[in-house]
Amino acid sequence: MGTDARDDARPALALPSDQDASGRSLGDDELAALADVIASGTLTSTKGKHVAALEHAVAERLGVAAAIATSSGTAAVHAAIVACDIEPGDEVITTPVTDFGALAPILAQGAIPVFADVDPTSLLVTPETVEAVWSERTRAVVVTHLFGATCDLDGFARLCSDRAAMLIEDAAQAWLSESRGKVAGSVGDIGCFSLQQGKHLTTGEGGMVVTDNADFARRMRLWVNKGWPYGEPNPDHEFLALNSRLSELQGAVGLVQFRKIDAMVDRRIATAQRAVERLRDVAGIRTPVVDPADRHTYWKLALDVDPDVVPGGPIALAGELRLEGIQSAPRYVQRPAFALRVFAEQRTFGSSRWPFTLARPEAIDYAPSRFVGTYAGLDRVLVLSWNERYDERDADNVASAVASAVDRLRGTARSGDLP
Ligand SMILES: *Cc1c(COP(=O)(O)O)cnc(C)c1O
């Protein structure tokens, strides 16, 4: 796939990185597509064909009626929140274990993010944890499919349709993941994706929303375009909206990337599953539990590290792995989202603290006792990078590095195994 930026001379444990050419599938085809756009002189999607073609390809692959490109995954979530047409002070239930880009749009639209606890093993919100924080003011639920694993979409679809709330899937980390055979992003009212540098495929920055609902699709397309309905009679700026378009340059790269998406995702799954097999019997390490009817696309490989078995838990294990040149992220996020400054100090518009000033006290009660699963899960998770350029050797190296690091921490390593 793409140009071969890796060479066999690299050190054994120099893993491909999604932050540069070693771990990305960008090459001559992307260059040729960019050259076409430059030669055409049309760099905006309002006149060009590439972004439209990418939208078409994504909609077709996901089996949805409409896909609309955005300038980022954050803008994708923002477009989805706008489609809900919520009133200031309305509540959107979401997860404290996610990217801030999934939360900022809720506040930016004047709504209150209400955090549900997560399952400590998967770090995913569940219909039960979401139902526990439901209120009269709940208008939408944003679920994050974390690390390439999927939330219980059937359960969430039932919950949201019973209670007449919008279901938004944040599938930024879950391109082509599946929940009970249904592709992530295609089940909720709206699905959101990111094309940022470190995602399954990339245009550097970029995003996408998908929906089967024509009204939501129109509203999201308007929001991306400053409220302007391109191509319709008697156009006007219909409501407050920003410019969140993807450019033709990005669209051209995205279209070539999207042609490779199945191969890239298959590759991630094959190598991650190989590592998972090899880690299965390592004491104190639990690999992701994947239902046979689901498809985990391994944006990252998240391990559950039992601190009762592995002394020092994920932090000590990360330290050991670093010595072998393997970077990993204990906790994934340093703090649950509600502990970030923007929430803790209500830093929003000037000194107004709006929209927090509209919130019910319970909706912004971040007492640790309400987030037992979140704190427990973050204390145990160790997140390993992964990408489609990992080969079998990389998978084996990562797995054996984890196994021997666990051995060392447990003091069970035979002297011959020590570095
Ligand atoms: C990456 C990401 C986003 C934001 O996407 P950007 O393209 O970085 O704006 C939102 N949600 C989740 C879950 C993400 O991983």
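What you are looking at is a predicted structure, and each value in this text was computed from that prediction instead of being measured.

(A) The arrangement of the side chain of Thr297 in detail. Looking at the secondary structure, you find Thr297 in the loop between strand S10 (285-286) and strand S11 (300-305). Looking at Thr297, its side chain comes within polar contact range of the side chain of His200, at 3.1 Å.

(B) How the structure looks around the site of the ligand. Around the ligand, the surrounding shell holds 14 residues, and the nearest of these are Gly73, Thr74, Asp170, Ser194 and Lys199. Between the ligand and the protein, one listed contact pairs an oxygen atom with a backbone N or O atom of Gly73 at 2.7 Å. Contact distances for the ligand include 2.6 Å between an oxygen atom and a side-chain N or O atom of Thr74. Compared with its free state, where it exposes 380 Å², the ligand has 92% of that area covered by protein. Looking at the shell around the ligand, its residues break down into two nonpolar, nine polar and three charged.

(C) Here's a closer look at the sheet that holds strand S2 (residues 91-94). With respect to topology, seven strands assemble into an open sheet ordered S1-S9-S8-S5-S4-S2-S3, the strand pairing being mixed. Each edge of the open sheet carries a strand with a single partner, namely strand S1 (66-70) and strand S3 (112-115). Pairs of neighbouring strands in the sheet enclose a mean axial angle of 25°, with direction left out of account. Inspection of the sheet shows strand S4 (residues 138-144) paired to strand S5 (residues 166-170) by five bridges, in the parallel sense. In the strand pairing of S5, Thr144 is matched with Asp170. Against the sheet, helix H3 (residues 73-83) touches S1, S2, S4, S5, strand S8 (190-194) and strand S9 (207-211), its axis set at about 165° to S8. Relative to the sheet, helix H6 (residues 153-162) contacts S4 and S5, its axis offset from that of S5 by approximately 155°.

(D) Quick look at the sheet that holds S10. Pairing within the open sheet is antiparallel, and its four strands lie in the order S10-S11-S13-S12. The outermost strands of the open sheet, each flanked by one partner alone, are S10 and strand S12 (328-330). With three bridges connecting them, S12 and strand S13 (residues 381-385) associate as antiparallel partners. Bridging across to S13, Ser328 finds its partner in Leu384. Strands S10, S11, S12 and S13 of the sheet are contacted by helix H10 (residues 313-323), whose axis makes an angle of about 30° with S13. Sheet contacts for helix H12 (residues 372-380): S10, S11 and S13; angle to S13, the most-contacted strand, approximately 55°.

(E) Up close: the pattern of salt bridges. Considering all chains together, one arrives at 29 salt bridges under this definition. Among the ionic pairs, Lys260 bridges to Glu30, the shortest N-O distance being 2.7 Å. Taken together, the residues Lys260 in the loop between helix H8 (248-259) and helix H9 (261-279) and Glu30 in helix H1 (residues 28-40) connect sequence positions 230 residues apart. A single salt-bridge network, built from bridges that share partners, covers Arg24, Arg268 and Glu388.

(F) Examining the packing of H9 against helix H13 (residues 392-410) more closely. Two numbers describe how H9 lies on H13: the axes approach to 9 Å, and their chain directions differ by 30°. When the interaxial angle is binned, H9 and H13 end up roughly parallel. As for how H9 packs across H13, the hand of that crossing is right-handed. Residue-level inspection shows Arg267, Thr271, Arg274, Ala275, Arg278 and Leu279 of H9 in contact with H13, the latter providing Glu392, Ala395, Asp396, Ala399 and Val402. Of the residues contributing to the contact of H9 with H13, the split by class is five nonpolar, one polar and five charged.

(G) Looking closely at the packing of aromatic side chains. Counted by the stated rule, this structure contains 13 aromatic pairs. Note on Trp175 and Phe193: the rings are 4.3 Å apart at their centroids and 35° apart in plane angle, and the pair reads as tilted. Note that Trp175 is positioned in the loop between S5 and strand S6 (178-179) and Phe193 in strand S8, a separation of 18 residues in sequence. For Phe193, a relative accessible area of 0% puts it in the buried group. Across from the ring centre of Phe239, 4.3 Å away, lies the NZ or CZ of Arg219, which sits over that ring.

(H) Region of interest: the pairing of S13. With four of its five residues buried, S13 lies for the most part within the structure. Of the strand pairs in this sheet, S11 and S13 are connected by five bridges, and their pairing is antiparallel. Following the sheet pairing, Leu301 is matched in S13 by Leu384.

(I) Representation of unusual backbone geometry in the model. The omega torsion across Trp354 and Pro355 is 5°, close enough to zero to call that bond cis. Here Leu123, not a glycine, exhibits a phi torsion of approximately 65°, which is positive. Checked against the element boundaries, Leu123 lands in the loop between S3 and helix H5 (127-131).

Quick notes on the rules
- Along each chain, residue indices are assigned from 1 in the same order as the chain's sequence is written.
- Where totals are concerned, whole chains, interfaces and linings use all residues; where local detail is concerned, this predicted model gives features only for residues with pLDDT of at least 70, and gives and counts side-chain atom pairs only at 80 or more.
- Note that water and hydrogens are dropped before the side-chain values are worked out from all heavy atoms of the structure.
- Secondary structure elements follow DSSP: runs of H or I no shorter than four residues count as helices, runs of E no shorter than two count as strands, and numbering proceeds from the N terminus.
- A 3.5 Å cut-off defines polar contacts: any pair of N or O atoms within that distance qualifies, except that in protein one atom must be a possible hydrogen donor and the other a possible acceptor, and neighbouring residues in sequence count only when both atoms are side-chain atoms.
- Nearness is defined per residue: one heavy atom within 4 Å of the molecule or strand is enough.
- Per-residue accessibility takes into account occlusion by the displayed protein chains alone, with areas from the Shrake-Rupley method and a 1.4 Å probe.
- Classification used: nonpolar for Ala, Val, Leu, Ile, Met, Phe, Trp, Tyr, Cys and Pro, charged for Asp, Glu, Lys and Arg, polar for all others including Gly.
- Strand pairing is assigned whenever DSSP detects at least two bridges linking the two strands.
- Between the N-to-C directions of two axes lies an angle of 0 to 180 degrees, each axis being a line fitted to C-alpha atoms and, for a helix, fitted only over the stretch in contact.
- By definition in these notes, contact holds between two residues if any of their heavy atoms fall within 4.5 Å.
- Take a side-chain nitrogen of Lys or Arg and a carboxyl oxygen of Asp or Glu: if they are within 4 Å of each other, that pair is a salt bridge.
- Should an angle fall under 35 degrees it is taken as roughly parallel, and over 145 as roughly antiparallel, whereas 65 to 115 is taken as roughly perpendicular and any remaining angle as oblique.
- Take the far helix as your reference; a near helix turned counterclockwise from it by less than a right angle gives a left-handed crossing, and one turned clockwise gives a right-handed crossing.
- Think of it this way: a Phe, Tyr or Trp ring, Trp meaning its six-membered ring, pairs with another when their centres are within 6.5 Å, and the plane angle makes it stacked under 30 degrees, edge-to-face over 60, tilted otherwise.
- A simple rule labels every residue: compare its accessible area, found with a 1.4 Å probe on the protein chains alone, to the largest value its type can have, and call it buried under 20%, exposed over 50%, or partly exposed in between.
- Note on geometry: a ring has a charge over it if NZ (lysine) or CZ (arginine) is within 6 Å of the ring centre and within 35 degrees of the ring normal.

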